[in-house]
Amino acid sequence: MTTVTIDREHLKKLYAEEEALFLKNHPKCKEAFEKAKNSLLDGVPMHWMKKWTGGHPLFVQQAKGGHFTDLDGHKYIDFCLGDTGSMTGHSPDAVVDFVSQQLRNGITYMLPNENAIWVGDELKKRFGLPYWQVAVSATDANRFTLRIARHITKRPKVLVFNYCYHGTVDEAFITLGEDGQPQCRSTNIGPQTNPVNTTKVVEFNDVEGLEKALADRDVAAVLCEPAMTNIGIVMPQPGFLEKLRELTTKYGTLLIIDETHTISAGSGGCTKEWNLKPDLFTIGKAIGSGVPTAVYGLSEEVANRLRSALNLEGIDVGGIGGTLAGNALSVAAMRATLEHILTPENYEYTIGLAKKFCEGVEQVIADYKLPWIVKRLGCRTEYWFRPAEPVNGGEAAEVCDFELDQYMHLYALNRGILMTPFHNMALICVNHTMEDVEVHTRVFRESVEALLNVNK
Ligand code: PMP
């Protein structure tokens, strides 16, 4: 098959045109951005928000369901959905109603209430682990499970996969260098210690490397996603997750599964879909429809070991917890989200639509013989500028094409579609429609035609 190559000069020119169009169409967002610079560092409340295409971020006026409107009055189909935080659709009515009641009845009191029991019971049913705790963010849930693992195994190290992302967890900012040796991730800001001292890193799907790293019996836990998502979707090869379970058990290492993104796979995440048996489990973001919250689950054995290794007097200054963790507002948001939004019926709809999304993109790729592929994990989809699936994070990182990503992103944005920056990821929520998907397919086709200079 003959394939196309991208003319880089043409790509630069197209990007400049898109940027000019963006600036022309967003004077109010631009004005807000300039005003914000007076008090917010570089004009944004959190520095990642600088990483949008177009010269400045959009400022949001209102968001509901699968759409939002910016200050300039443009309406967007939102396939980014707060990078999974709003995978439920923005402000679902059932969540808003329930959380509003809770807002009037106490937001936080450092005491449990009956909603927490409902949430615990539901999590137990969905994911299979018997005991649960609440944290404020997925990062925290991951940090806490790593602490628990080190505390009860009395082992110093943890293990992650190359190019993983588990939030701002210090131990996870490690990659394999070109020489195959572990090194601090080059983007790591002010590491408190070089993660090489705390962490082992191997490639996803590398059974041999994994066994070698675990065999020293100094690894407290493996922290992983069941399919990698943050360097693009990298699926486990057949048998890999079984091997991971077998080897962690063999060497006395605990297995922590982070389903913060992979909950796209279904109402019980990959843990339920693929019958995984983690020792510890974490999830944040969408579980509260975007209200900050997260949970972690513990197996019977881990719970027993933890109970006997904690002392009540010092429990509040042990490095696990947080004043606002388990607050009534977050717990109410989780109850309503689990009860009404992240339901099997809704997944059936969103996964069906995600398949349609992929079919549309695949058709364009086939029509123009592009050396690209589309990936999907449940209602999460993305297109990749490479001809074959990567097997691990290292391979996936090699083919990142930031220039092309930025162009595709901005082209879509200028035509009313927000994709997730900057890998071209789209999440489908229950409020999206076939029409939204068709708009994307059309715009995607047009962006490709502009890129290939196709005269129509
Ligand atoms: N786990 C995974 C798999 C994630 O992708 C992320 C964030 N993208 C986190 C944990 C951390 O989430 P948060 O930033 O909300 O703490």
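Use the structure listed above.
Definitions and limits used
For every chain, the first residue of its written sequence is number 1, and the numbers climb from 1 along that sequence. Predicted model: local features are reported for residues with pLDDT of at least 70 only, side-chain atom pairs are reported and counted for 80 or more only, and whole-chain, interface and lining totals are derived from all residues. Excluded from the side-chain calculation are hydrogens and water; included are all heavy atoms of the structure. Two strands are said to pair when DSSP picks up at least two bridges between them. A run of H or I in DSSP becomes a helix once it reaches four residues, and a run of E becomes a strand once it reaches two; helices and strands are each numbered from the N terminus. Convention adopted: a line fitted to C-alpha atoms gives each axis, helices being fitted over their contacting stretch, and angles between N-to-C directions are expressed from 0 to 180 degrees. Consider each residue's heavy atoms; a residue with any of them within 4 Å of a molecule or strand counts as near. Whenever two N or O atoms come within 3.5 Å, that pair is a polar contact, provided that in protein one can donate a hydrogen and the other can accept it, and provided that, for residues adjacent in sequence, both atoms are side-chain atoms. Under the convention used here, a 1.4 Å probe and the Shrake-Rupley method define accessible areas, while residue burial counts only the protein chains that appear. Classification convention: Asp, Glu, Lys, Arg as charged; Ala, Val, Leu, Ile, Met, Phe, Trp, Tyr, Cys, Pro as nonpolar; all other residues, Gly among them, as polar. Small angles under 35 degrees read as roughly parallel and large ones over 145 as roughly antiparallel, with 65 to 115 read as roughly perpendicular and the rest as oblique. Helix crossings get a hand from a simple test, with the near helix turned counterclockwise from the far one by less than a right angle marking a left-handed crossing and a clockwise turn marking a right-handed one. Here, two residues are considered to be in contact whenever any of their heavy atoms come within 4.5 Å of each other. With a 1 Å grid spanning the protein atoms alone, the term cavity applies to any set of points in which a 1.4 Å probe fits but cannot get out, the term pocket to an open set with protein on both sides within 12 Å along at least five of seven lines, and the term lining residue to any residue with an atom within 4 Å of a point. Grid points are joined across faces, edges and corners, and a volume is the space filled by probe spheres set on the points. Centre distance within 6.5 Å is the pairing criterion for rings of Phe, Tyr and Trp, where only the six-membered ring of Trp is used; planes under 30 degrees apart are then read as stacked, over 60 as edge-to-face, and the remainder as tilted. Only protein chains enter the accessibility calculation, which uses a 1.4 Å probe. A residue is then buried if its area is under 20% of the maximum for its type, exposed if over 50%, and partly exposed in between. Only when the NZ of Lys or the CZ of Arg is both within 6 Å of the ring centre and within 35 degrees of the ring normal is a charge said to sit over the ring. For the purposes of this analysis, a disulfide is any pair of cysteine sulfur atoms at a distance within 2.5 Å.

Novice: I would appreciate a short explanation of the sheet that holds strand S14 (residues 380-384) in the present structure.
Specialist: To summarise the sheet geometry, strands pair through backbone hydrogen bonds and adopt either a parallel or an antiparallel arrangement. Judged by pairing direction, the sheet is antiparallel, and its 3 strands sit side by side in the order S13-S14-S16 without closing on themselves. The open sheet has two edge strands, strand S13 (373-377) and strand S16 (424-427), and neither has a second partner. Shown here is a sheet whose adjacent strand axes are inclined to one another by a mean of 20°, direction ignored. Inspection of the sheet shows S13 paired to S14 by 5 bridges, in the antiparallel sense. Counterpart to Leu377 in the pairing with S14 is Arg380.

Novice: How should the site of the ligand be read in this particular structure?
Specialist: As a matter of local geometry, the ligand sits amid 13 residues, with Thr139, Asn230, Asp258, His261 and Lys285 nearest to it. Contact between the ligand and His261: an oxygen atom at 3.1 Å from a side-chain N or O atom of the residue. Lys285 has a polar side-chain atom sitting 2.7 Å from a nitrogen atom of the ligand. For the ligand, whose unbound accessible area comes to 390 Å², protein coverage reaches 86%. The dominant element in the shell around the ligand, judged by the number of residues it contributes, is helix H5 (residues 138-153), at 3 residues. Residues that form the shell around the ligand fall into these classes: 2 nonpolar, 8 polar and 3 charged.

Novice: Looking at this structure, how should I read the packing of H5 against helix H9 (residues 300-308)?
Specialist: When two helices pack together, their arrangement is captured by the angle between the axes and the distance separating the axes. At their nearest, the axes of H5 and H9 sit 10 Å apart, and the two run at 70° to each other. In this view, H5 runs roughly perpendicular relative to H9, as classed from their interaxial angle. Taken as a pair, H5 and H9 cross one another with a handedness that is left-handed. Counting all contacts with H5, which are made through Ile148, Ile152 and Thr153, the residues of H9 involved are Val302, Arg305 and Leu306. Partitioning the contact of H5 with H9 into residue classes produces 4 nonpolar, 1 polar and 1 charged.

Novice: Where do I start with empty space enclosed by the protein in this structure?
Specialist: Gaps between atoms show up when a probe of the same size as a water molecule is rolled over them. A full pass over the atoms with the stated rule returns 3 cavities of 30 Å³ or more. Volume-wise, the largest cavity comes out at about 80 Å³. Lining the largest cavity, in full, are Met87, Thr88, Ile341, Leu342, Asn346, Tyr347, Thr350, Cys379, Ile428 and Val430. At 3 residues, helix H11 (residues 344-367) tops the list of elements feeding residues into the lining of the largest cavity. Of the residues belonging to the lining of the largest cavity, the class tally is 7 nonpolar, 3 polar and no charged.

Novice: Sorry if this is basic, but what is going on with the environment of Gly209 here?
Specialist: Tracing the sequence through the fold places Gly209 in helix H6 (residues 207-214). Here the alpha-carbon distance between Gly209 and Trp118, two residues 91 residues apart in the chain, equals 41 Å.

Novice: Before we go on, may I ask you to explain the sheet that holds strand S10 (residues 254-258) in this structure?
Specialist: With respect to topology, 7 strands assemble into an open sheet ordered S4-S12-S11-S10-S9-S5-S8, the strand pairing being mixed. Only two strands of the sheet have a single neighbouring strand rather than two, namely strand S4 (131-135) and strand S8 (199-202). The mean inter-strand angle of the sheet, taken between neighbouring strand axes irrespective of direction, is 20°. With 4 bridges connecting them, strand S9 (residues 219-224) and S10 associate as parallel partners. Considered in S10, the bridge of Cys224 is made with Ile257. Lying over the sheet, H9 contacts S4, S10, strand S11 (280-283) and strand S12 (294-298), oriented at roughly 95° with respect to S12.

Novice: Is there a simple way to think about the packing of aromatic side chains in this case?
Specialist: The description of an aromatic ring pair uses the distance of the two centres, along with the angle that the planes make with each other. The tally for this structure, following the rule as stated, stands at 14 aromatic pairs. Aromatic side chains Phe127 and Phe281 sit 4.4 Å apart centroid to centroid with 35° between the ring planes, which places their arrangement in the tilted category. Of this pair, Phe127 sits in helix H4 (residues 114-127) while Phe281 sits in strand S11, placing them 154 residues apart in sequence. Measuring from centroid to centroid gives 6.0 Å for Phe144 and Tyr296, while their planes differ by 65°, and the two rings are edge-to-face. With Phe144 in helix H5 and Tyr296 in strand S12, this pair connects stretches of sequence that are 152 residues apart. For the residue pair Phe144 and Tyr296, the accessibility class agrees, reading buried in each case. Every member of this aromatic cluster is reached through a ring pair, and the members are Trp372, Tyr383, Phe385 and Phe444. Arg307 extends its terminal NZ or CZ atom over the ring of Tyr131, reaching a point 4.9 Å from the ring centre.

Novice: Can you walk me through the pairing of S13 in this structure?
Specialist: If a strand is regular, its side chains alternate between the two faces of the sheet. Within S13, 4 of the 5 residues are buried, which leaves the element mostly enclosed by the surrounding structure. Between S13 and S14, which pair antiparallel in sequence order, lie 2 residues; one of them, Gly378, sits at a positive phi of approximately 65°.

Novice: Sorry if this is basic, but what is going on with the state of the cysteines here?
Specialist: By definition, a disulfide links the sulfur atoms of two cysteine residues through a covalent bond. Across all of its chains, the model carries 0 disulfides by this definition. Cysteine Cys164 shares no disulfide, and the gap to the nearest cysteine sulfur, in Cys224, comes to 9.4 Å. With no disulfide partner, Cys400 has as its closest neighbouring cysteine sulfur the one in Cys164, 14 Å distant.

Novice: Help me out: how do you make sense of the environment of Thr420 in this one?
Specialist: Here Thr420 lies in the loop between strand S15 (417-418) and S16. Distance from Thr420 to Arg307, taken between C-alpha atoms, is 41 Å for residues 113 residues apart in sequence. In this view, Thr420 contacts Phe79, Cys80, Asp83, His409 and Met425; residues no more than four positions away in its chain are not counted.

Novice: Would you mind going over the layout of surface pockets with me for this structure?
Specialist: The space that makes up the second largest pocket amounts to roughly 1,400 Å³. Gln133, Tyr296, Ile315, Ile320 and Gly321 are, among the 43 residues lining the second largest pocket, the residues nearest its centre. Elements represented by at least two residues in the lining of the second largest pocket include exactly H4, S4, H5, S12, H9 and helix H10 (328-341). Examining the composition of the lining of the second largest pocket, we find that 6 residues originate from one element, H4, more than from any other. Among the residues forming the lining of the second largest pocket, the class breakdown is 24 nonpolar, 14 polar and 5 charged.

Novice: How should the environment of Ala138 be read in this particular structure?
Specialist: By the element assignment, Ala138 lies in helix H5. Judged by relative accessible area, Ala138 falls into the buried class, the value being 14%. As a C-alpha pair, Ala138 and Glu259 span 121 residues in sequence and 9.4 Å in three-dimensional space. Apart from residues no more than four positions distant in its own chain, Ala138 is found in contact with Thr260, Gly284 and Ala294.

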